[in-house]
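Architecture at a glance
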Amino acid sequence: MPSEFEIIRKFFTRPAPGAVLGVGDDAALLRATPGMELAFATDMLLEGRHFRAGAEPRSVGHKALAVNLSDMAAMGARPRWATLAIALPAADEAWIAAFAAGLFGLAERFGTELVGGDTTRGPLAICIAILGEVPAGRALLRSGARAGDEVWVSGHLGGAALALAQPGNAAAARRLDLPEPRVALGERLRGLASAAIDISDGFAQDLGHILESSGCGARVHYERLPKDPALAESGDVALERRCVLGGGDDYELAFTAPPAARSALEALARELALPLARVGEIRAGESRLEVLDAAGRTIAAPGGFDHFAA
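Residues numbered from 1 in each chain as written. Predicted model: local features only at pLDDT ≥ 70, side-chain atom pairs only at ≥ 80, totals over all residues. Heavy atoms only, no water.

Taken as a whole and assessed by the stated rule, the structure comprises 1 cavity of 30 Å³ or more. Volume-wise, the largest cavity comes out at about 40 Å³. Elements that contribute at least two residues to the lining of the largest cavity include exactly helix H3 (93–109) and strand E3 (113–121). For the lining of the largest cavity, the class distribution of residues is 6 nonpolar, 1 polar and 1 charged. (1 Å grid on protein atoms, 1.4 Å probe; cavity = no way out; pocket = protein on both sides within 12 Å on 5 of 7 lines; lining within 4 Å. Points joined across faces, edges and corners; volume = space filled by probe spheres on them. Helix = DSSP H or I, 4+ residues; strand = E, 2+ residues; numbered from the N terminus. Nonpolar A, V, L, I, M, F, W, Y, C, P; charged D, E, K, R; others polar.)

Okay, here's the thing in structure tokens:
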């Protein structure tokens, strides 16, 4: 059985040319690009809570980094460096190799270097911290929405939640296990979007964070929300609404933008081959989200994910 240090050397030590010093010392040394601000985020994933017990290790490695890349996307930041802290129940080399392949496969796509971390023995838990760069003063924040802005959503909603509700749905399972962080979109939204957030805990709840931070309300038209195609097969309207409005793990971007940006956003959607749906509008007043059905009736939006909910 390999030692802790053999695991680090064999599976997690890679060249990091973008760092002054990467894996192998007490700390990494990093140098920010002049004129850039650093964006920092961290996420912890627990087996049985954030990914299914016995999940394929390659997908676990992918998702562990994807959720952090999604945070960078929501800020309009370019991801640069990450650290990994992982607790493993055993030094299973085949599992670790597959996990590392999933993590580094995604890291290489987005130019993210692993520059440090920690390993220990314990119940399977993964914590990645990530650093990105964004031009000074141009980060996308939750607090920039203004009355008259339009509400937009990338991709499709509800697929990951459907996978939890219907474990045998292979198409939905892919959305849950292999989320696609919208990094390219996030960077291109700088100068177009007024506020942004990634959809990790459910569309209604996460858009609500923008409303609270911006001190405004919103009206969203349910029929305009981009629904995962797998939901069409369920035939369950109540389930669809729970997944689309309250389901977590989509890792799409919800953002606001002034009407003047509409044509640029439509062109961006074509360029990136990524659907961008205009689903509502920001309104003056209290920080309340109103969701309307096709007949103009109010739909009660379900609550999103909460780690400490009963």
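Turning our eyes to something else, we now look at the pattern of salt bridges. In the structure shown here, the tally under the stated rule is 15 salt bridges. In this structure, the salt-bridge partner of Asp-249 is Lys-63, at a minimum N-O distance of 3.3 Å. Of the two residues, Asp-249 is situated in the loop between helix H8 (237–246) and strand E8 (253–257) and Lys-63 in helix H2 (residues 57–75); the sequence distance between them amounts to 186 residues. Side by side, Asp-249 and Lys-63 carry an identical accessibility label, which is buried. Across the pair Arg-297 and Asp-293 runs a salt bridge, and its minimum N-O distance is 3.0 Å. For Asp-293, a relative accessible area of 12% translates into the label buried. Each member of the salt-bridge network shares a partner with another, and the members are Arg-175, Arg-182, Asp-228 and Glu-252. (Salt bridge = Lys/Arg side-chain N within 4 Å of Asp/Glu carboxyl O. Buried < 20%, exposed > 50% of the residue type's maximum accessible area, 1.4 Å probe, protein only.)

In the contact formed by helix H1 (residues 4–12) and H3, the axes pass within 10 Å of each other and the chain directions differ by 45°. Classified by the angle between their axes, H1 and H3 sit oblique to one another. Once H1 is placed against H3, the crossing between them reads as right-handed. Packed against H1, whose contacting residues are Ile-7, Lys-10, Phe-11 and Phe-12, the element H3 presents Glu-93, Ile-96, Ala-97, Phe-99, Ala-100 and Phe-104 at the interface. (Axes fitted to C-alpha atoms, helices over the stretch in contact; angles between N-to-C directions. Parallel < 35°, antiparallel > 145°, perpendicular 65-115°, else oblique. Left-handed = near helix turned anticlockwise from the far one by under 90°. Contact = heavy atoms within 4.5 Å.)

A contiguous nonpolar patch, built from Val-20, Leu-21 and Leu-29 and spanning about 230 Å² of accessible area, is present on the exposed surface. For Val-20, the location among the structural elements is in the loop between H1 and strand E1 (36–46). Residue classification places Val-20 among the partly exposed residues on the basis of a relative accessible area of 44%. (Patch = residues over 30% accessible without salt bridge, like charges linked within 9 Å, V, L, I, M, F, W, Y side chains within 5 Å. Areas by Shrake-Rupley, 256 points an atom, 1.4 Å probe, with all protein chains shown as cover.)

This part is about the layout of surface pockets. In this structure, the second largest pocket spans a volume of roughly 360 Å³. Lining of the second largest pocket is provided by 22 residues; of these, Ile-8, Val-23, Gly-24, Gly-116 and Gly-117 occupy positions nearest its centre. Within the residue set of the lining of the second largest pocket, elements represented by two or more residues are H1, strand E2 (78–88) and E3. Among the elements that make up the lining of the second largest pocket, the one with the highest residue count is E3 (6 residues). Of the residues in the lining of the second largest pocket, the class split is 10 nonpolar, 7 polar and 5 charged.

In spatial order, the strands read E6-E8-E5-E9-E7-E10-E11; together these 7 strands make up an open sheet with mixed pairing. The open sheet is flanked by strand E6 (195–198) and strand E11 (298–299), the only strands paired with a single partner. Pairing between strand E5 (residues 150–154) and strand E9 (residues 276–283): 5 bridges, direction antiparallel. Looking across to E9, one finds that Val-153 is bridged to Ala-277. Set on the sheet, H2 makes contact with E6 and E8; between it and E6 the angle comes to about 175°. Together, E5, E8 and E9 form the strand contacts of helix H9 (residues 262–272), whose direction differs from that of E5 by roughly 5°. (Pairing = 2+ DSSP bridges.)

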